[in-house]
Amino acid sequence: MLPAAASLKKQGANRGAVSAFLISTPESGIDSIFITYALLDPIMTIVRPISAFITAVTAGWTENLMHRPNDSGPLQVDRSCPVDNCCDGVDCPDEVHRRHHRPGEKIAAGLRFAVTDVWGDIVGWFAVGLLLAAVITVLIPDDFMARWLGGGITSMLVMLVIGIPLYICASASTPIAAALILKGVSPGAALVFLLAGPATNVTSLTVLVGLLGKRGTLRYLLVLAVCTVAFGLLVDQLYAFLGIVPAAVIGEAAELVPEWLQYTGVAVLLLISVKPLAATFHRKSAGPKGETTFHSGFPIAPAAGPKKGEGSSCPPSCGCGH
Amino acid sequence: MIQESVRFAIAIAAAAWDILLDSSIYILFGIVVAGLVKVVLNPGTVASHLGRGRFLPVVKAAFFGVPLPL
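Each value, and the rule that gives it
Residues numbered from 1 in each chain as written. Chains lettered and ligands numbered in written order. Predicted model: local features only at pLDDT ≥ 70, side-chain atom pairs only at ≥ 80, totals over all residues. Helix = DSSP H or I, 4+ residues; strand = E, 2+ residues; numbered from the N terminus. Contact = placed C-beta atoms within 7 Å. Rg over C-alpha atoms; globule rule 2.2 N^0.38 Å. Buried ≥ 20, exposed ≤ 12 C-beta atoms within 10 Å, placed from the backbone. UniProt positions renumbered as here; feature names shortened; annotations may be inferred. Domains from an automatic or database assignment. Nonpolar A, V, L, I, M, F, W, Y, C, P; charged D, E, K, R; others polar. Core = buried A, V, L, I, M, F, W, Y, C linked by C-beta atoms within 7 Å. Expected span 1.5 Å × (residues − 1). Bend = angle between axes of the 7 residues up to and from the residue. pLDDT = per-residue confidence, 0-100. Axes fitted to C-alpha atoms, helices over the stretch in contact; angles between N-to-C directions. Parallel < 35°, antiparallel > 145°, perpendicular 65-115°, else oblique. Left-handed = near helix turned anticlockwise from the far one by under 90°.

Draft legend 1. Focus on the overall build of chain A. On a plain count of helices and strands, chain A comes out with 14 helices and zero strands. If you list the helices and strands of chain A from N to C, you get α-α-α-α-α-α-α-α-α-α-α-α-α-α. When contacts within chain A are restricted to residue pairs at least 6 apart in sequence, long-range pairs at least 24 apart make up 80% of them.

Next up, the structure:
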């Protein structure tokens, strides 16, 4: 997420746009929307991306209003081919550029991205999230959290304090939120965790200071905190208004899936998890610095991972950043 | 003591297995769609859609960020 934002800034996007992108990208993604539908409920599935969008726009506008963007230079856009970096897109007309690959090749590339990039990036975090959710389910007595985190501004603030320094991606935070709601945490407080968890963490703050400056980072955090808490309170009101008991509807989508399909799903998922999980462990044991390569680099390297691209036969004009 | 921790570990594994059963098929759908989106909408080309100004580029950047898995 951070390399993509850094590149956005390098290409000439203003600070407001970069801030907005920095919030909405990690807080919401197609993968996490699907997982939210599976483990939470339709309301959260809709509310999550909408809150991410509004928070992102608010932060971006605040940034651009406080700090007038200097939009003089032209945008220097990286248009290199996403399928296999065959062309850098410079001096290549749009019509031709779009037709370098047949639809079949594009779909194949998409499936490869799905397994190596998208799932490869998530799987380690998802394993941690799954384990944490399971521990919460087993260890914490039912209704224990209802007393502390059952709603109201205090619950939201507690979740904010937990979520801001923590790094967990949007997909991996979902099972944890589901487990919390089942233990009596209000859906609004869970939403605060779902939004604040992925948006920031201790290490990304230093990168944010580099991208937005110290004041910009402070504004970014303030807007994030205010919007997130506001959405948390609103969502609790929404559930109360609709008369829905969250714990009763959580995970209902899973019941729509026939059992054989569930087992097939687990089998396929475990199968495609072996390689990236093994690579993560390998990298972790090789040295702590490996963690930065865990997120997909930018621009997208052909086939798997940023490392493989280095040795590939790349014409000097390929524009893929080697 | 040992017996208790074994029972605890089994309970954790069972809870994790339940969540996995509930979510796997949706995760698979999610990552496949996300992968296809990545081919059509390269995160690197987002800048080309933004344009100039104080307000509209922000809205567009936020909008592109919502589906993008990163």
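Draft legend 2. Main features of the overall build of chain B. Scanning chain B from terminus to terminus reveals three helices and zero strands. Relative to its length of 70 residues, chain B is extended, with a C-alpha radius of gyration of 21 Å against a globular reference of 11 Å. With the principal axes as the frame, chain B shows a C-alpha extent of 65 × 25 × 15 Å. Buried positions account for 49% of the 70 residues belonging to chain B.

Draft legend 3. Representation of the UniProt feature "transmembrane region" (unreviewed entry) in chain A in the model. Residue and element names in this part refer to chain A. Listed under "transmembrane region" (unreviewed entry) in the UniProt record, and renumbered for this structure, are residues 122-141, 148-168, 188-213, 220-240 and 260-279. Here residues 122-141 runs as 90% helix and 0% strand, with 29 Å between its end C-alpha atoms. In the segment residues 148-168, helix accounts for 67% and strand for 0%; the C-alpha atoms at its two ends are 23 Å apart.

Draft legend 4. Expanded view of the domain arrangement of chain A. Split into domains, chain A comes out as domain 1 (13-69 + 122-256) and domain 2 (259-303). For domain 1 of chain A and domain 2 of chain A, the distance between their C-alpha centroids amounts to 23 Å.

Draft legend 5. Inspection of the interface of chain A and chain B at higher detail. Contacts between chain A and chain B engage 72 residues on the former and 48 residues on the latter. Broken down by secondary-structure element, the contributors of at least two residues to the side of chain A that touches chain B are α1 (2-10), α2 (15-27), α3 (30-39), α4 (42-66), α6 (103-139) and α13 (259-286) of chain A. Element by element, the count of residues in the side of chain A that touches chain B is highest for α6 of chain A, at 17 residues. Here the side of chain A that touches chain B is composed, by residue class, of 49 nonpolar, 17 polar and six charged.

Draft legend 6. Representation of the nonpolar core. Grouped together as the largest cluster of nonpolar side chains are 101 residues, with contacts concentrated most on A20 and V192 of chain A together with A61 of chain B. For this core, the element with the most residues is α6 of chain A, which contributes 13 residues. Excluding anything up to four places from it in sequence, A61 of chain B contacts A13, A17, A20, F21 and G60 of chain A together with V46 and L50 of chain B.

Draft legend 7. Spatial organisation of helix α1 (residues 2-40) of chain B. Given a rise of 1.5 Å per residue, 39 residues ought to cover 57 Å, and the 53 Å separating the end C-alpha atoms of α1 of chain B matches this to within 8%. Bending of α1 of chain B peaks at approximately 45 degrees at the position of S23 of chain B.

Draft legend 8. Region of interest: the confidence of the model for chain A. All names here are of chain A. Averaged over all residues, the pLDDT of chain A is 82; the fraction at 70 or higher stands at 86%. Ranking the helices and strands of chain A by mean pLDDT puts α4 first, with 95, and helix α14 (residues 305-308) last, with 38. For residues 289-322, every residue scores under 50 in pLDDT, and the model assigns this stretch 51 contacts once sequence neighbours within four places are set aside.

Draft legend 9. Region of interest: the packing of α4 of chain A against helix α3 (residues 56-65) of chain B. Following both chains from N to C, one finds α4 of chain A and α3 of chain B inclined at 150 degrees, their axes separated by 9 Å at the closest point. It follows from the interaxial angle that α4 of chain A and α3 of chain B lie roughly antiparallel. Crossing of α4 of chain A against α3 of chain B: the hand is right-handed. On α3 of chain B, the residues that touch F53, A56, V57, G60, W61 and N64 of chain A of α4 of chain A are V58, V59, A61, A62, F63 and G65 of chain B.

Draft legend 10. A look at the confidence of the model for chain B. The share of residues in chain B with pLDDT of 70 or more is 96%, and the mean pLDDT across the chain is 87. Overall fold confidence for the complex sits at a pTM of 0.84, while the interface term, ipTM, reaches 0.90.

Draft legend 11. Local environment of the environment of V115 of chain A. Residue and element names in this part refer to chain A. In this structure, V115 sits in helix α6. Judged by the 20 C-beta atoms lying within 10 Å of it, V115 falls in the buried class. Along the primary structure V115 and L269 are separated by 154 residues, whereas in three dimensions their C-alpha atoms are 9.5 Å apart. Apart from the residues within four sequence positions on either side, V115 is in contact with G120 and I272.

Draft legend 12. Seen up close, the environment of V128 of chain A. In this fold, V128 of chain A is placed in helix α6. On a C-alpha basis, the gap between V128 of chain A and I176 of chain A in space is 9.6 Å, while along the polypeptide they are 48 residues apart.

Draft legend 13. The arrangement of the packing of α2 of chain A against α3 of chain B in detail. Orientation of α2 of chain A relative to α3 of chain B, taken along the N-to-C sense of each, is 20 degrees, at an axis distance of 7 Å. Classified by the angle their axes make, α2 of chain A and α3 of chain B are roughly parallel. For the crossing formed where α2 of chain A meets α3 of chain B, the hand is right-handed. On α3 of chain B, the residues that touch G16, A17, A20, F21, S24 and T25 of chain A of α2 of chain A are P57, V58, A61, A62 and G65 of chain B. Its residues placed into classes, the contact of α2 of chain A with α3 of chain B shows seven nonpolar, four polar and no charged.

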